[in-house]
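Summary of the model geometry
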Amino acid sequence: MKFLLEVNMADGRLAEDAATELGRILRYWGGNLQHYPLSPGDGSAIYDSDYAEVGQWRIVAATEA
């Protein structure tokens, strides 16, 4: 399996302060993963501190990208 994290850094808070926002996103979503079985097909939208959707994480089979 693969864990994929995709974040658009071109807009909103991420464009203003990428390091702070990415750190917050990684801390929040890293801690939240315990609520998922982490099997292929699992995933969720990712939001910045303004609650704007900025990406997603997902679990895929090792042969997918």
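What counts and what doesn't
- Residues numbered from 1 in each chain as written.
- Predicted model: local features only at pLDDT ≥ 70, side-chain atom pairs only at ≥ 80, totals over all residues.
- Heavy atoms only, no water.
- Helix = DSSP H or I, 4+ residues; strand = E, 2+ residues; numbered from the N terminus.
- Buried < 20%, exposed > 50% of the residue type's maximum accessible area, 1.4 Å probe, protein only.
- Areas by Shrake-Rupley, 256 points an atom, 1.4 Å probe, with all protein chains shown as cover.
- Expected span 1.5 Å × (residues − 1).
- Phe/Tyr/Trp six-rings, centres within 6.5 Å; stacked < 30°, edge-to-face > 60°.
- Pairing = 2+ DSSP bridges.

**Some words on the overall build of the protein chain**
- In terms of regular secondary structure, the protein chain is built from two helices and three strands.
- Put simply, the protein chain runs from its N terminus to its C terminus through helices and strands in the order β-α-α-β-β.
- Taken over the C-alpha atoms alone, the protein chain extends approximately 35 × 25 × 15 Å along its principal axes.
- Among the 65 residues that make up the protein chain, the fraction classed as buried is 26%.
- Surface exposure of the protein chain reaches about 4300 Å², of which carbon and sulfur atoms provide 53%.

**Some thoughts on helix H2 (residues 18-32)**
- Over its 15 residues, H2 runs 21 Å from end to end, which matches the ideal 21 Å to within 8%, given 1.5 Å per residue.
- What H2 keeps buried is the set Glu21, Gly23, Ile25, Trp29 and Asn32.

**Some thoughts on the packing of aromatic side chains**
- Counted according to the given criterion, the structure contains three aromatic pairs.
- A ring pair is formed by Phe3 and Trp57, whose centres lie 5.7 Å apart and whose planes are at 20°; its orientation type is stacked. Remark: Trp57 occurs in strand E3 (residues 53-60) and Phe3 occurs in strand E1 (residues 2-7); sequence separation between them is 54 residues.
- For the ring pair Tyr28 and Trp29, a centre distance of 5.1 Å and an interplane angle of 85° mean the geometry is edge-to-face.
- Taken together, the ring pairs in this structure connect Phe3, Tyr36 and Trp57 into an aromatic cluster.

**Topic: the pairing of E3**
- With six bridges joining them, E1 and E3 adopt antiparallel strand pairing. Counted as the bridge partner of Leu4 is Arg58 from E3.
- The pairing of strand E2 (residues 43-47) with E3 spans five bridges and is antiparallel. Bridging from a neighbouring strand, Ile46 pairs with Gly55 of E3.
- Connecting E2 to the next strand, E3, in antiparallel fashion are five residues, including Tyr51 with a positive phi near 65°.

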